[in-house]
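# A look at the structure
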Amino acid sequence: MILNFDVGIAFPRAVVFDAYRDEMTKLVSYLPNVRDIVVKSRKDEGPRSEIVLAWRGGGDIPAALRAVLSESMLSWTDYATWDRQTFRCDWRTETLALTDAVHSSGCNAFLDDGNGKTLLEVRGRFDIDAKKIRGVPGFLAGRIGKGLEEFLGGKIEANLIETAKGMARYLEERK
């Protein structure tokens, strides 16, 4: 599944880029689907930063349903390379559950949209190989994988848009 969408944020590109790179852990209260974000590692070299974030989702999932879902099903690790010269972030995500079956990667470009605003372009891929999910019959793997991609891909896109909206609210309050 292709991830391809744009979000406008009413703050200058450098402010938005720096906040996404450096202050993501402060956004938890603005993200209803996220319970925690932890910086696992960070390495800065000139304009480039390599950052690994551990995300714990499930913030808006009812407690009864959360009891059935394992913590690993609601958690993922984000590996990102940020480049301040190009205002670009290349990323890949690993789920803690179904790691071999789920692949997600892409690029976020932070573009100057004029008048002190930013256009965030998100481009990426989200793929599920259902043949690698235990218990899925081979003859159903294609259909199940496609259905999971469409469902989860829609959730991922909605969450990335919600993150941009949360970032805008965070920056507005910080102003």
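Here, every reference points to the structure presented above.
Worth saying up front: this structure is predicted, and the values here are computed from it rather than measured.

## What about the environment of G116?
Counting through the fold element by element, G116 comes out in the loop between β6 (102–112) and β7 (118–128). For G116, a relative accessible area of 35% translates into the label partly exposed. With 105 residues separating them along the chain, G116 and F11 place their C-alpha atoms 5.6 Å apart. The residues contacting G116, other than those within four sequence positions of it, are A10, F11 and P12.

## Some points on the pattern of salt bridges
All chains considered together, the criterion is met by 14 salt bridges. The closest approach of N and O atoms between R42 and D22, which form a salt bridge, is 2.8 Å. Of this pair, R42 sits in strand β2 (residues 34–45) while D22 sits in helix α1 (residues 13–22), and the two are 20 residues apart along the sequence. Exposure remark for R42: the relative accessible area of 38% places this residue in the partly exposed category. The class of D22 is partly exposed, set by a relative accessible area of 34%. R174 serves as the salt-bridge partner of E23, at 2.5 Å between the closest nitrogen and oxygen. Of this pair, E23 sits in the loop between α1 and β2 while R174 is found in helix α3 (residues 138–174), placing the two residues 151 residues apart along the sequence. A residue is classified by how much of its surface remains accessible, and R174, at 42% relative accessible area, is partly exposed. Connected through shared salt-bridge partners, D18, R21, D22, R42, D44 and R84 make up one network.

What counts as what
- Residues numbered from 1 in each chain as written.
- Predicted model: local features only at pLDDT ≥ 70, side-chain atom pairs only at ≥ 80, totals over all residues.
- Heavy atoms only, no water.
- Helix = DSSP H or I, 4+ residues; strand = E, 2+ residues; numbered from the N terminus.
- Buried < 20%, exposed > 50% of the residue type's maximum accessible area, 1.4 Å probe, protein only.
- Contact = heavy atoms within 4.5 Å.
- Salt bridge = Lys/Arg side-chain N within 4 Å of Asp/Glu carboxyl O.

Worth remembering: the numbers are spatial, not functional.
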